[in-house]
Amino acid sequence: MGIQKIFDVEGHAHFTTINVYKRIHILENYKFCDLIIENLEYYRKKFQYKLLGYVILPDHLHMIVIPNSRTKYSDVIRDFKKGTAFAVIKRLSNTKNQDLLDKFSLNPVKRDQCRSIWQRKYFDFNIFSGKKFLEKLEYMHNNPVNLRLVKNPEDWKYSSWRNYHLGDSSIISIDELL
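Position numbers for residues start from 1 in each chain and track the written sequence from start to end. Thresholds applied to this predicted model are a pLDDT of at least 70 for local features of residues and 80 or more for the giving and counting of side-chain atom pairs; totals over whole chains, interfaces and linings are not thresholded and use all residues. The side-chain quantities take in all heavy atoms of the structure and omit both hydrogens and water.

Q: I'd like a description of the sheet that holds strand 1 (residues 13-19), backed by residues and values.
A: Only strands that DSSP links by at least two bridges are regarded as paired with each other. In this description a helix means any DSSP run of H or I spanning at least four residues, a strand means any run of E spanning at least two, and both kinds are numbered starting from the N terminus. Taken in spatial order, the four strands make up an open sheet running 2-3-1-4, and their pairing is antiparallel. The strands lining the two open edges of the sheet, one partner per strand, are strand 2 (50-56) and strand 4 (123-127). Neighbour-to-neighbour, the strand axes of this sheet turn through a mean angle of 15°, independent of strand direction. Of the strand pairs in this sheet, strand 1 and strand 4 are connected by five bridges, and their pairing is antiparallel. Pairing of F15 across the sheet is with F125, part of strand 4. The strands touched by helix 4 (residues 130-146) are strand 1, strand 2, strand 3 (60-66) and strand 4; relative to strand 3, the strand with the most contacts, the crossing angle is about 155°. To define axes, lines are fitted to C-alpha atoms, for helices over the stretch in contact only, and angles between the resulting N-to-C directions are given on a 0 to 180 degree scale. When checking whether two residues touch, look at their non-hydrogen atoms; a contact exists if any pair is within 4.5 Å.

Structure, rendered in structure tokens:
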């Protein structure tokens, strides 16, 4: 498989998928989902990107972002992954959850030296039209239903479906497209 190219076209939204290392279901725990939300908000302020949608699932997350024109999108993702990984590892260390910490070790011999919460690569798709935006948003919002985690999209707490259809910004606000 070749290297995926990332196209930073000004004004294009990015549909991004980030997978947990070894697809471990760490995001089943709401405490870790809350860390993801906190970091989405922190990096939105830092990089001034527009968050148009998201869903956090047990072993991956999707988001739709329009980056600031002065920022490379790969820098946003790099910092987001680094910041969330640090927060998750710190939380696991504080709770002394060594078994789960060990699952994220890159080197079983030196398990305390190098850990990874996220897979190294991420999937990025440029959204170039309103039709494609709606397609990706619908796919993202229906993901918890398609994975049989819930019966209806509104039943999944960590999804922008609630923002769009219920006007519920209690988890995180979604930016206007305009």
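The structure having been displayed, the exposition proceeds.
Q: Please give an account of the pattern of salt bridges that cites residues and values.
A: A side-chain nitrogen of Lys or Arg and a carboxyl oxygen of Asp or Glu constitute a salt bridge if their distance falls within 4 Å. For the coordinates displayed, the defined rule picks out eight salt bridges. In this structure, R44 and E41 form a salt bridge, with 2.7 Å as the shortest nitrogen-oxygen distance. Of this pair, R44 and E41 both sit in helix 1 (residues 30-47), three residues apart, roughly one helical turn. D79 serves as the salt-bridge partner of R78, at 2.9 Å between the closest nitrogen and oxygen. Burial classes follow relative accessibility: with a 1.4 Å probe on protein chains only, a residue under 20% of its type's maximum area counts as buried, one over 50% as exposed, and anything between as partly exposed. Residue class for R78 comes out partly exposed when judged on its relative accessible area of 48%.

Q: Please provide a residue-by-residue account of the environment of L100, values included.
A: Mapped onto the elements of the fold, L100 is located in helix 3 (residues 98-103). Along the chain, L100 and I89 lie 11 residues apart, while their C-alpha atoms are 9.6 Å from each other. In contact with L100, other than residues within four places in its own chain, are I24, I26 and L92.

Q: Break down the pairing of strand 2 for me, citing the residues and quoting the values.
A: Counting buried positions along strand 2 gives six out of seven residues, so the element sits mostly inside the fold. Bridge analysis of strand 2 against strand 3 gives six bridges, and the strand direction is antiparallel. Bridge assignment links I56 to a residue of strand 3, and that residue is L61. Hairpin connection between strand 2 and strand 3: a loop of three residues separates the two successive antiparallel strands.

Q: Quick one: what's the story with unusual backbone geometry, residue by residue and with numbers?
A: Despite not being glycine, K22 has its phi angle at roughly 60°, a positive value. Among the secondary structure elements, K22 is positioned in the loop between strand 1 and helix 1. A positive phi angle, near 60°, is found at R148, a position not held by glycine. Take R148: it is sitting in the loop between helix 4 and helix 5 (161-166).

Q: Break down helix 4 for me, citing the residues and quoting the values.
A: In this model helix 4 runs 23 Å from its N-terminal to its C-terminal C-alpha over 17 residues, within 8% of the 24 Å that 1.5 Å per residue would give. One axis fitted to the seven residues ending at a residue, another fitted to the seven starting there: the angle between these axes is the bend at that residue. At M140, helix 4 shows its strongest bend, of approximately 25°, with the proline P144 following within four residues. Among the residues of helix 4, K132, F133, K136, L137, M140, H141, N143 and P144 are the ones counted as buried. Buried-residue contacts for helix 4 involve strand 1, strand 2, strand 3, strand 4 and helix 5. Given the number of residues in a helix, its expected span is that number minus one, multiplied by 1.5 Å.

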